[in-house]
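What follows is each chain in one-letter form.
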Amino acid sequence: MTTTDASTPPPALPGAMPGSAGAAAPSAVLATTVRRRRRAAPDNPDRGALSTADWRRPGVKYSWRGMHFVLLLLLLLWCLGPLLLLGKFAFTPTQDILTHPMSIFPNGATTKNIDQAWNRYHIGQFFMNTVWFALGAWFSQILVATTGGFVLSVLRPRWAKVLNWAVLATLFVPAVVLLIPLYKLIVHPPIGDSLINSFFAVWLPAGASAFNVVLVARFFDSLPREIFEAARVDGAGPFRLFWHIVLPMSKPIIGVVSVFAVIASWKDFLWPFLVLKDDSVKPLSVYLQSMANVDKGTLMAALAISTLIPIAMFLIFQRMFLRGAGLGGAVKG
């Protein structure tokens, strides 16, 4: 019978370094081994609701794929149906819209609606007013959000916590409560004349978005601090750190804020209705409500034209939007 000397160390566990027997707990070594195997192994196909064996059964396979197809079809109809119907109405005569709204061009398509909306009702002029309105509001919100988030998250002065709580507190104030004091401030600004019928009346208030500042600050919190420290060691000042280090790493969140800013400005009605009364600066959202009694085909064409920019914005920034929606870090791996 073989005996074992008490002084002989136990055999090393898998993954343990030579000469370190007993130095690491067996549970820690086992956990390390499991993590390595998980990283090396491919994704487990049985982690879903159905296992691989279930998917091999014809009844389960075809029933679940059928449900997936029906769900996808319902989502497409729910999301794209109204847009496609609006696009069809833009090229459908008014009589066909009233009598056969769901038919596909029963008496043929027409471009008269687009021509009437563009030339008779000058939708192009109000469309460009809305473009300038949205661009100015976008720049104002991006400027305030990025610089405010940079101060709160990267520079972090002594009073950063107080400022952060002050910004968060403004989120609990209803926007309608601010209408009267803000309108009085626009009518009688501290410097200069009244800003009524001026794009600055909507550009300047648009920048005061606490939500965007908090959103950008939380994204800046996820950026690696070692890069900021290395830039400071190399002699980078606050402006250079902001312009050359932080902004290039913040494209995802800038895309998210851009989509939010442009779409919110494009569909805003109440505040432009109060401060932009002249036709030379009136946006589409304000002008379209005055077209309620015009020909239905022309109205549908005007509404279809007004949706072009939001759709184009999402198609252009969809990758940035989806990347930044999770507010993930800027460095992977």
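Further up the page is the structure itself.
(A) Quick look at the layout of surface pockets. The space that makes up the largest pocket amounts to roughly 960 Å³. Around the largest pocket sit 27 residues that line it, and A175, P205, A206, A208 and S209 are the ones nearest its centre. Mapped onto the lining of the largest pocket, the elements with two or more residues apiece are α6 (123–155), α8 (179–187), α9 (200–207), α10 (210–221), α13 (251–267) and α14 (270–275). Ranked by the residues each element gives to the lining of the largest pocket, the list is headed by α13, at four residues. Residues of the lining of the largest pocket, tallied by class, amount to 21 nonpolar, five polar and one charged.

(B) Highlighting the nonpolar core. Ranked by size, the top nonpolar core spans 25 residues in total, and within it I123, L284 and M291 carry the most contacts. It is helix α16 (residues 296–306) that contributes the most residues to this core, six residues altogether. Setting aside chain neighbours within four positions, we find L284 in contact with I123, F126, F127, T130, W266 and S306. Ranked by size, the runner-up nonpolar core spans 20 residues in total, among them I142, A236, F242 and L247.

(C) Structural detail: the pattern of salt bridges. Under the counting rule described, the total for this entry stands at four salt bridges. In this structure, the salt-bridge partner of D279 is K282, at a minimum N-O distance of 3.2 Å. Look at D279 and you get partly exposed, because its relative accessible area is 41%. What emerges from the salt-bridge pattern is a single network uniting R156, R218 and D221.

(D) Spatial organisation of unusual backbone geometry. Of note in this structure, R156 is not a glycine but carries a positive phi near 50°. Topologically, R156 is positioned in the loop between α6 and α7 (160–170). Positive phi is not limited to glycine here, since N197 has a value of about 65°. With respect to the element layout, N197 can be found in the loop between α8 and α9.

(E) Structural context of the packing of aromatic side chains. The tally for this structure, following the rule as stated, stands at nine aromatic pairs. With 5.6 Å between their ring centres and 75° between their planes, F127 and W266 make a pair best called edge-to-face. One end of the pair, F127, is in helix α6; the other, W266, is in helix α13, with 139 residues separating them in the sequence. Classification of W266 as buried rests on a relative accessible area of 8%.

Thresholds applied
Per-chain numbering applies: the sequence of each chain, read as written, is numbered from 1 onward. Restriction of local features to residues with pLDDT of at least 70 applies here, the model being predicted, together with a cutoff of 80 or more for giving and counting side-chain atom pairs; totals for whole chains, interfaces and linings are based on all residues. To get the side-chain values, take all heavy atoms of the structure and skip hydrogens and water. Here the term cavity refers to a set of points on a 1 Å grid, laid over the protein atoms alone, in which a 1.4 Å probe fits but cannot get out; the term pocket refers to an open set having protein on both sides within 12 Å along at least five of seven lines, with lining residues being those that place an atom within 4 Å of a point. Grid points are joined across faces, edges and corners, and a volume is the space filled by probe spheres set on the points. Secondary structure elements are taken from DSSP: a helix is a run of H or I of four residues or more, a strand is a run of E of two residues or more, and numbering for both begins at the N terminus. Each residue is assigned to one class: nonpolar for Ala, Val, Leu, Ile, Met, Phe, Trp, Tyr, Cys and Pro, charged for Asp, Glu, Lys and Arg, and polar for all the others, Gly among them. In plain words, nonpolar cores are sets of buried Ala, Val, Leu, Ile, Met, Phe, Trp, Tyr and Cys residues tied together by side-chain atoms within 4.5 Å. Buried, partly exposed and exposed residues are distinguished by accessible area as a fraction of the type maximum, computed with a 1.4 Å probe on protein chains only: under 20%, between the cut-offs, and over 50%, respectively. Two residues qualify as a contact provided that any one of their heavy atoms is within 4.5 Å of a heavy atom in the partner residue. For this analysis, a salt bridge means a side-chain nitrogen from Lys or Arg found within 4 Å of a carboxyl oxygen belonging to Asp or Glu. A pair of aromatic rings is counted whenever rings of Phe, Tyr or Trp (Trp by its six-membered ring) have centres within 6.5 Å, and the orientation is called stacked for planes under 30 degrees apart, edge-to-face for over 60 and tilted otherwise.

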